[in-house]
Amino acid sequence: MESQPETQLEAPEGPREPILTLPGALTAYVALIAVIHLRVLLPPELENWTIDVFGFIPKRYDSTLLNIDFPGGTGAKVWTFVTYSLLHANLTHIGFNVLWLLPFGSALARRFGPVRFYVFMAVTAAAGALAHLLTHEHAIAPMIGASASVSGTMAAAIRFAFVKGSFLSFSRGDADEAAKVPALSLGQAFRDTRVLAFLAVWFGVNIIFGVGSIAIGADGGTVAWQAHIGGFLAGLMLFSLFDPVRRMATHAADASSPDEADRV
């Protein structure tokens, strides 16, 4: 009687999460923006009040003004560095920001976790507001929108986006695995041709926006490109302060051949 060969049983693979499935932290962030946008249903005077109180107005910080009270008082000088980023002009404005958050914000939210992610969004929003203030010292028009924070997520994400296995590489695992690959150091990132190409395109597009004063949506608001750059630089430079994943070893990154790097 011949013995039958033993059947090799393989453990079933766990479900692989789609790369663009929104993590809970980002879903909550987008939902908050959507709920806040319901302010457009308010009477015009109340809607304008919310913009004045929670939007970022450079003129609010003008020390030459005498006896002029802005809505929100002294407190608005603090909270508007962040709250402006949760207000949007229209659905088109929201759509642009959410579109860019889908790949970059999703990866960053998975990598950082909710608390780090929300603090990061607040810090990059504040950096964008500061850049806007420095370049629009006496502007009375409120700045609103999450674009500075979105730019920050893009900058932070490129520190690991092109690493093999991450979400912009050609070889990657599921969404959680792709978000947890070791990141490049800032020096390594500046030596990576893909990162440099991304930086060149990103800065080029924003400079074109600035020079051409391109408007977004029917309201005719121009793009606050200086705020974009402020948020982007903050995200790029401060990424390591938020990153819980161990960084890629320098010797391991340098040992990769150019051909190998071109494939990831």
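Not measured: the values here are computed from a predicted model.

A. Fine view of the packing of helix α5 (residues 114-135) against helix α10 (residues 225-242). In the contact formed by α5 and α10, the axes pass within 7 Å of each other and the chain directions differ by 140°. On the basis of their axis angle, the class for α5 and α10 is oblique. Where α5 crosses over α10, the two elements pack in a sense that is right-handed. Packed against α5, whose contacting residues are Arg116, Val119, Phe120, Val123, Thr124, Ala127, Gly128, Ala131, His132 and Thr135, the element α10 presents Gln226, Ala227, Gly230, Gly231, Ala234, Gly235, Leu238 and Phe242 at the interface. The residue makeup of the contact of α5 with α10, split by class, is nine nonpolar, eight polar and one charged.

B. Seen up close, a nonpolar patch on the surface. Residues Val35, Leu38, Val40 and Leu41 make up a contiguous nonpolar surface patch of roughly 400 Å² in combined accessible area. Here Leu41 shows up in the loop between α1 (24-36) and α2 (44-54). Leu41 gets classed as exposed once you look at its relative accessible area, which sits at 69%.

C. Quick look at the packing of aromatic side chains. Taken as a whole, this structure holds 18 aromatic pairs when the rule is applied. On the basis of an interplanar angle of 55° and a centroid distance of 5.8 Å, the ring pair of Phe117 and Tyr118 is categorised as tilted. What makes Phe117 buried here is its relative accessible area of 0%. For Arg111, the ring lying beneath its charged end belongs to Phe160, and the centroid distance is 4.2 Å.

Conventions adopted
- Within any chain, residue numbers begin from 1 and follow the written order of that chain's sequence.
- Where local features are concerned, this predicted model is filtered to residues with pLDDT of at least 70; where side-chain atom pairs are given and counted, the filter is 80 or more; whole-chain, interface and lining totals use all residues.
- Derived side-chain values reflect all non-hydrogen atoms in the structure, with water molecules and hydrogen atoms excluded from consideration.
- Axis lines are fitted through C-alpha atoms, for helices just across the contact stretch, and the angle between N-to-C directions can take any value from 0 to 180 degrees.
- In DSSP terms, a helix is any run of H or I states spanning at least four residues, a strand is any run of E spanning at least two, and both are numbered starting from the N terminus.
- The scheme is simple: roughly parallel for angles under 35 degrees, roughly antiparallel for over 145, roughly perpendicular for 65 to 115, oblique for anything else.
- Crossings are sorted by hand: turned counterclockwise from the far helix by less than a right angle, the near helix makes the crossing left-handed, and turned clockwise it makes it right-handed.
- Only heavy atoms enter the contact rule, under which two residues are in contact if any of them lie within 4.5 Å.
- Classification convention: Asp, Glu, Lys, Arg as charged; Ala, Val, Leu, Ile, Met, Phe, Trp, Tyr, Cys, Pro as nonpolar; all other residues, Gly among them, as polar.
- Put simply, a patch holds well-exposed residues, over 30% relative accessible area, that have no salt bridge, with like charges counted together within 9 Å and Val, Leu, Ile, Met, Phe, Trp or Tyr side chains within 5 Å.
- To measure how exposed things are, a 1.4 Å probe is used in the Shrake-Rupley method; for residues, cover is taken only from the protein chains shown.
- We define a salt bridge as a contact between a side-chain nitrogen of Lys or Arg and a carboxyl oxygen of Asp or Glu at a distance within 4 Å.
- Burial classification: accessible surface area is computed with a 1.4 Å probe over protein chains only, and a residue below 20% of its type maximum counts as buried, one above 50% as exposed, and the rest as partly exposed.
- Side-chain rings of Phe, Tyr and Trp (the six-membered ring for Trp) are treated as a pair once their centres are within 6.5 Å; stacked means planes under 30 degrees apart, edge-to-face means over 60, and tilted covers the remaining angles.
- The rule for a charge over a ring is simple: NZ of Lys or CZ of Arg within 6 Å of the ring centre, and within 35 degrees of the ring normal.

No statement about biological role is implied by the geometric values presented.
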